[in-house]
Amino acid sequence: MCGTASVWAKLALGCMVLGMTLHIAGWASMYWMVYETSGSVLQTFIGLWRQKTCQNNVCTEDAVDKYVTADFNAVRAMETITFCVAAFTAILMTIYVFAPSARRQSVAIVLMILCFIAGATSICGMIIWLVTLPSPFIVSFSMGLTVLGFLLILIAGTLLIPDVFEPMDSYNRSGLITPYTPPDRRTVVTPLSYKGGGAVNRW
């Protein structure tokens, strides 16, 4: 049940789903860089997969073959890896939150590492894109969406830290952390105590 998951895990899932959604929106759209002439007579919008050219309010869409270079393909690869890792992590995190049998510290560790891997690959793609941005193009909002996406994915990984380092027994039904107290094994009750006797110390 989702109710027994920690508050941190639920928040992490929300950030993960939202971050993945924003990343997909930026990854798939064609506004990574844009060029406009004076008066917007000619506008060129370039994405990772498609481009749109508008001249005198007449727009056409084509593949981005003209702008594809080794660096361009590197950005494509990094952002596609981010998409795949983020999608897998979102599915696994959903299982982690909703299935009590999957709620283990080892799974939380894997989820946290996957979040950081997804964020790191997206950051690498951003750096390559910014360093190799051709003139006279400027960065457009599709890249901004992916930036917001990887920031939320990194936040999701950070929110899982309490699940990684806190014993799973320390979560109560509300999902909040309560102090973990080991059982007292020094004193046990024997049948003698039910006949008026006291507890027997077996240690």
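Residues numbered from 1 in each chain as written. Predicted model: local features only at pLDDT ≥ 70, side-chain atom pairs only at ≥ 80, totals over all residues. Heavy atoms only, no water.

Structural notes on the overall build of the protein chain
- Counting secondary structure elements, the protein chain contains five helices and seven strands.
- Residue burial in the protein chain is summarised as follows: out of 203 residues, 37% are buried.
- Sequence-distant contacts in the protein chain: of pairs separated by 6 or more residues, those separated by 24 or more amount to 62%.
- Summed over its atoms, the accessible surface of the protein chain is roughly 11,300 Å², and 67% of this surface lies on carbon and sulfur atoms. (Helix = DSSP H or I, 4+ residues; strand = E, 2+ residues; numbered from the N terminus. Buried < 20%, exposed > 50% of the residue type's maximum accessible area, 1.4 Å probe, protein only. Contact = heavy atoms within 4.5 Å. Areas by Shrake-Rupley, 256 points an atom, 1.4 Å probe, with all protein chains shown as cover.)

Observations concerning the nonpolar core
- Counting 27 residues, the largest nonpolar core has Met-16, Met-93 and Tyr-96 as the members making the most contacts within it.
- At the level of secondary structure, the elements contributing two or more residues to this core comprise helix H1 (7-28), helix H2 (70-98), helix H3 (105-131) and helix H4 (141-159).
- In contact with Met-93, not counting residues within four places along its chain, are Ala-12, Leu-13, Met-16, Leu-111, Cys-115 and Leu-160.
- In terms of nonpolar packing, the next biggest core, distinct from the first, is built from 13 residues, Met-33, Ile-46, Phe-137 and Met-143 among them. (Core = buried A, V, L, I, M, F, W, Y, C linked by side-chain atoms within 4.5 Å.)

Let's talk about the packing of aromatic side chains
- Tallied over the entire structure, the rule returns eight aromatic pairs.
- Pairing Trp-32 with Trp-129 gives two aromatic rings, centres 5.2 Å apart and planes at 70 degrees, and the pair type is edge-to-face. Highlighted residues: Trp-32 in the loop between H1 and strand S1 (33-36) and Trp-129 in helix H3, separated in sequence by 97 residues.
- Seen from their ring centres, Phe-72 and Trp-129 are 5.5 Å apart, and the 55 degrees between their planes marks the pair as tilted. Residue Phe-72 is located in helix H2, and its partner Trp-129 is located in helix H3; the two are separated by 57 residues in the primary sequence. (Phe/Tyr/Trp six-rings, centres within 6.5 Å; stacked < 30°, edge-to-face > 60°.)

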